[in-house]
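The primary structure of each chain is shown beneath.
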Amino acid sequence: QVQLVESGGGLVQAGGSLRLSCAASGSSFSSYGMAWFRQAPGQEREFVASINWSGGTASLADSVKDRFTISRDNAKNTVYLQMNSLKPEDTAVYYCAADRLLRRPYAGRLSLEYDYWGQGTQVTVSS
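Predicted model only: the values in this text are computed from it and were never measured. (Residues numbered from 1 in each chain as written. Predicted model: local features only at pLDDT ≥ 70, side-chain atom pairs only at ≥ 80, totals over all residues. Heavy atoms only, no water.)

Trainee: When you look at the side chain of Glu-6 in this model, what are you seeing that I'm missing?
Mentor: Take Glu-6: it is sitting in strand β1 (residues 4-7). Despite its burial, Glu-6 pairs with no opposite charge, the nearest such side chain being Arg-45 at 10 Å. A polar contact is formed between the side chain of Glu-6 and the backbone nitrogen of Cys-96, at a distance of 2.8 Å. Reaching out from Glu-6, the side chain makes a polar contact with the backbone nitrogen of Gln-119 at a distance of 3.0 Å. Filtering out sequence-adjacent residues up to four positions away, Glu-6 remains in contact with Ser-21, Cys-22, Trp-36, Tyr-94, Tyr-95, Cys-96, Gly-118, Gln-119, Gly-120 and Thr-121. (Helix = DSSP H or I, 4+ residues; strand = E, 2+ residues; numbered from the N terminus. Buried < 20%, exposed > 50% of the residue type's maximum accessible area, 1.4 Å probe, protein only. Lys, Arg positive; Asp, Glu negative; His and termini not counted. Salt bridge = Lys/Arg side-chain N within 4 Å of Asp/Glu carboxyl O. Polar contact = N/O pair within 3.5 Å; in protein donor to acceptor, adjacent residues only side chain to side chain. Contact = heavy atoms within 4.5 Å.)

Shown next as structure tokens:
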């Protein structure tokens, strides 16, 4: 089992920035692809960003391209989501997830590709 804990959420004004962190347990972190999903009230969970096991490739949702960046620090067992130019529509609970497979070569965009989920961290962007 992989345990994930998100942090870094909060309340920011539109145009501001936040950096989310996801700390993972275990020594196999470097072999898992990682992703961020989000869910707003009354809406379905949606893909935000992902990074493959090696960090060599990443994927971003069209809605956050050129604003968000995903990265990982395997020495710290941590994945990050840097969020810039935040908009009110970015308001949601953000969830960190770890791939169900080791060393999947691409950065998956589907929730069914991820087996391990954190509890989420709230991001609220005021207008």
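Text resumes after the structure shown.
Trainee: Looking at this structure, how should I read the nonpolar core?
Mentor: Here is a general trend for soluble globular proteins: nonpolar side chains tend to be buried in one another's company. Judged by nonpolar contacts, the single largest core of 36 residues is most densely connected at Leu-4, Met-34, Trp-36, Val-79, Leu-81, Met-83 and Tyr-94. When residues of this core are traced back to their parent elements, those giving at least two are β3 (18-24), β4 (32-39), β5 (46-51), β7 (68-73), β8 (78-83), β9 (92-102), β10 (114-117) and β11 (121-126). (Core = buried A, V, L, I, M, F, W, Y, C linked by side-chain atoms within 4.5 Å.)

Trainee: What is the right way to look at the state of the cysteines in this model?
Mentor: Where two cysteines share a covalent bond between their sulfur atoms, that bond is called a disulfide. Using the criterion set out here, one finds one disulfide in the structure. Two residues share a disulfide in this structure: Cys-22 and Cys-96, whose sulfurs sit 2.1 Å from each other. On the S-S bond that ties Cys-22 to Cys-96, the torsion sits near -80°, and the link is left-handed. With Cys-22 in strand β3 and Cys-96 in strand β9, this pair connects stretches of sequence that are 74 residues apart. The class of Cys-96 is buried, set by a relative accessible area of 0%. (Disulfide = S-S within 2.5 Å.)

Trainee: Just checking my understanding: could you explain the environment of Asp-66 for this structure?
Mentor: Mapped onto the elements of the fold, Asp-66 is located in the loop between β6 (58-60) and β7. With a relative accessible area of 83%, Asp-66 lands in the exposed category. Sequence separation between Asp-66 and Cys-96 is 30 residues; the distance between their C-alpha atoms is 20 Å.

So yeah, pure geometry; function would need other evidence.
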